[in-house]
Amino acid sequence: FKGHASPALITGIAFHPDGKTVFTGADDDFVYRWDAGNGQVVAAYSGEGKEIYGVALSPDGSLLAMGNQDGNITIWEVESGKLLRTLSGHAGLVLRLAFNRDGSLLASAGFDRLARIWDVGTGEELASLYGNASNVFGVSFSPDSRRLATAGADGTIRTYTLEIEGLTALARSRLM
């Protein structure tokens, strides 16, 4: 597949759920949507002059999330190419993104030592997850969306409970 500026560092890749298209993000400021069968560019989503690092598709393939060097995340409607919203909160670049199973939540991994949880529908930041001693290189929701795992540049993996009932139970177990 040729389309990113040469020599571009491809920083993110995601297949569409239909298996017919694939999305790539790069430090050339674009995410391209490719026909997976013939390698032709189907669409381009602009990073507006910012290097793109994180790329994720919602489970139904309708939304594209892009994380950039300035710590912002843009969410696009895949078919129309319309920019829906920009999420701001990270103080460093956003390296990885992950949707939960139903596509209602988005997790972001940042070079500010934080993972953040976002409401996809409203763009509201729901949580900032502290505790990483270095940059966060990856995020992944558990299948039930009740926990989030992070991968740190220091070689650590952390898991976070995302529901208040789970946090209450954990706190009570530590008092005994």
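Just above sits the structure.
Given the structure is predicted, the values throughout are model-derived calculations rather than measurements.

Colleague: Any chance you could break down the overall build of the protein for me, citing the residues and the numbers?
Modeller: Looking only at helices and strands, one finds one helix and 15 strands in the protein. For the protein, whose C-alpha radius of gyration is 17 Å, the value lies close to the compact-globule estimate of 16 Å for 176 residues. Along the three orthogonal principal directions, the C-alpha set of the protein runs to about 60 × 30 × 25 Å. A total of 176 residues make up the protein; the buried ones form 45% of that total. Element-wise, carbon and sulfur atoms account for 52% of the exposed surface of the protein, whose accessible area totals about 8,900 Å². If the 15 positive side-chain charges of the protein are averaged to one point and the 20 negative ones to another, these points end up 6 Å apart.

Colleague: Describe the pattern of salt bridges, listing the residues and the values that go with them.
Modeller: Counted by the stated rule, this structure contains four salt bridges. R33 is the salt-bridge partner of E79, the closest N and O atoms lying 3.3 Å from each other. Taken together, the positions of E79 in the loop between β7 (72-77) and β8 (83-88) and R33 in strand β3 (residues 30-35) put the pair 46 residues apart, joining distant regions of the chain. The class for E79 is exposed, based on a relative accessible area of 63%. The exposure class assigned to R33 is buried, which follows from its relative accessible area of 9%. Between K50 and D70 there is a salt bridge, with its nearest N and O atoms 3.1 Å apart. Placement of the pair is K50 in the loop between β4 (41-46) and β5 (52-57) and D70 in the loop between β6 (63-68) and β7, with a sequence separation of 20 residues. For K50, a relative accessible area of 29% gives the class partly exposed. Among the charged side chains, a network of salt bridges with common partners joins D112, R116 and E125.

About the criteria used
- Residues numbered from 1 in each chain as written.
- Predicted model: local features only at pLDDT ≥ 70, side-chain atom pairs only at ≥ 80, totals over all residues.
- Heavy atoms only, no water.
- Helix = DSSP H or I, 4+ residues; strand = E, 2+ residues; numbered from the N terminus.
- Rg over C-alpha atoms; globule rule 2.2 N^0.38 Å.
- Buried < 20%, exposed > 50% of the residue type's maximum accessible area, 1.4 Å probe, protein only.
- Areas by Shrake-Rupley, 256 points an atom, 1.4 Å probe, with all protein chains shown as cover.
- Lys, Arg positive; Asp, Glu negative; His and termini not counted.
- Charge placed at Lys NZ, Arg CZ, Asp CG, Glu CD.
- Salt bridge = Lys/Arg side-chain N within 4 Å of Asp/Glu carboxyl O.

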